[in-house]
Amino acid sequence: MNTFKQSAIEILKKAGTPLHYSEITRLALEAGILETEGATPEASMYAQITVDIKNKGDGSDFVKTAPGTFGLNTNKK
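Described in the following lines is the structure provided in the data block. (Residues numbered from 1 in each chain as written. Predicted model: local features only at pLDDT ≥ 70, side-chain atom pairs only at ≥ 80, totals over all residues. Heavy atoms only, no water.)

1. Focus: the packing of aromatic side chains
Point 1. Considering all chains together, one arrives at 2 aromatic pairs under this definition.
Point 2. Seen in terms of ring centroids, Tyr21 and Tyr46 are 4.7 Å apart; in terms of plane orientation they differ by 50°. Their pairing is tilted. Within this pair, whereas Tyr21 is found in helix H2 (residues 21-31), its partner Tyr46 is found in helix H3 (residues 41-56), the two being separated by 25 residues in sequence.
Point 3. Residue classification places Tyr21 among the partly exposed residues on the basis of a relative accessible area of 22%.
Point 4. Members of the aromatic cluster, joined through ring pairs, are Tyr21, Tyr46 and Phe70. (Phe/Tyr/Trp six-rings, centres within 6.5 Å; stacked < 30°, edge-to-face > 60°. Helix = DSSP H or I, 4+ residues; strand = E, 2+ residues; numbered from the N terminus. Buried < 20%, exposed > 50% of the residue type's maximum accessible area, 1.4 Å probe, protein only.)

2. Quick notes on the side chain of Asp52
Point 1. Structurally, Asp52 can be placed in helix H3.
Point 2. Those residues in contact with Asp52 that lie beyond four places of it in its chain are Lys5, Gly57, Ser60, Asp61 and Phe62. (Contact = heavy atoms within 4.5 Å.)

3. As for the nonpolar core
Point 1. Counting residues in hydrophobic clusters, the biggest one holds 14 residues, and the most contacted among them are Ala8, Ile11, Ile24, Met45, Ile49 and Phe62.
Point 2. If you list the elements that add at least two residues to this core, you get helix H1 (4-15), H2 and H3.
Point 3. Broken down by element, the residue count for this core peaks at 5 residues, all from H1. (Core = buried A, V, L, I, M, F, W, Y, C linked by side-chain atoms within 4.5 Å.)

4. So, the packing of H2 against H3
Point 1. At a closest axis distance of 9 Å, the pairing of H2 and H3 adopts a crossing angle of 115°. As H2 runs across H3, the sense of the crossing is right-handed. Contacts from Tyr21, Ser22, Ile24, Thr25 and Leu29 of H2 reach H3 at Pro41, Glu42, Met45, Tyr46 and Ile49.
Point 2. Each residue belonging to the contact of H2 with H3 can be placed in one class, and the counts come to 7 nonpolar, 2 polar and 1 charged. (Axes fitted to C-alpha atoms, helices over the stretch in contact; angles between N-to-C directions. Left-handed = near helix turned anticlockwise from the far one by under 90°. Nonpolar A, V, L, I, M, F, W, Y, C, P; charged D, E, K, R; others polar.)

5. Digging into the pattern of salt bridges
Point 1. A full pass over the atoms with the stated rule returns 6 salt bridges.
Point 2. With its nearest N and O atoms 3.1 Å apart, the salt bridge here joins Lys5 to Asp52. Here Lys5 is found in helix H1, whereas its partner Asp52 is found in helix H3, with 47 residues between them in sequence.
Point 3. On the basis of relative accessible area, Asp52 is assigned to the buried category, the value being 8%.
Point 4. Linking Lys56 and Asp52 is a salt bridge whose minimum nitrogen-to-oxygen distance equals 3.3 Å. Remark: Asp52 and Lys56 occur in helix H3; sequence separation between them is 4 residues, near one turn of the helix.
Point 5. Linked by salt bridges that have partners in common, Lys5, Asp52, Lys56 and Asp61 make up one network. (Salt bridge = Lys/Arg side-chain N within 4 Å of Asp/Glu carboxyl O.)

That is the geometry; function is a separate question.
Rendered as structure tokens:
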């Protein structure tokens, strides 16, 4: 079972384009790469990605491209 962060990276690599966090969550759940017991997996996905960006800055795996929309950080330090 992947973490939210691992699932998001996998989905964004496959998509090749930034996606809204709710779409990332939906695709991860449908693909079976993310399993969660939580009632609000979209909120968990959003929190995991935004905390990663906040804590790691330029070293994060993610970049915010629009409100609620994230892509992979191709300039990761």
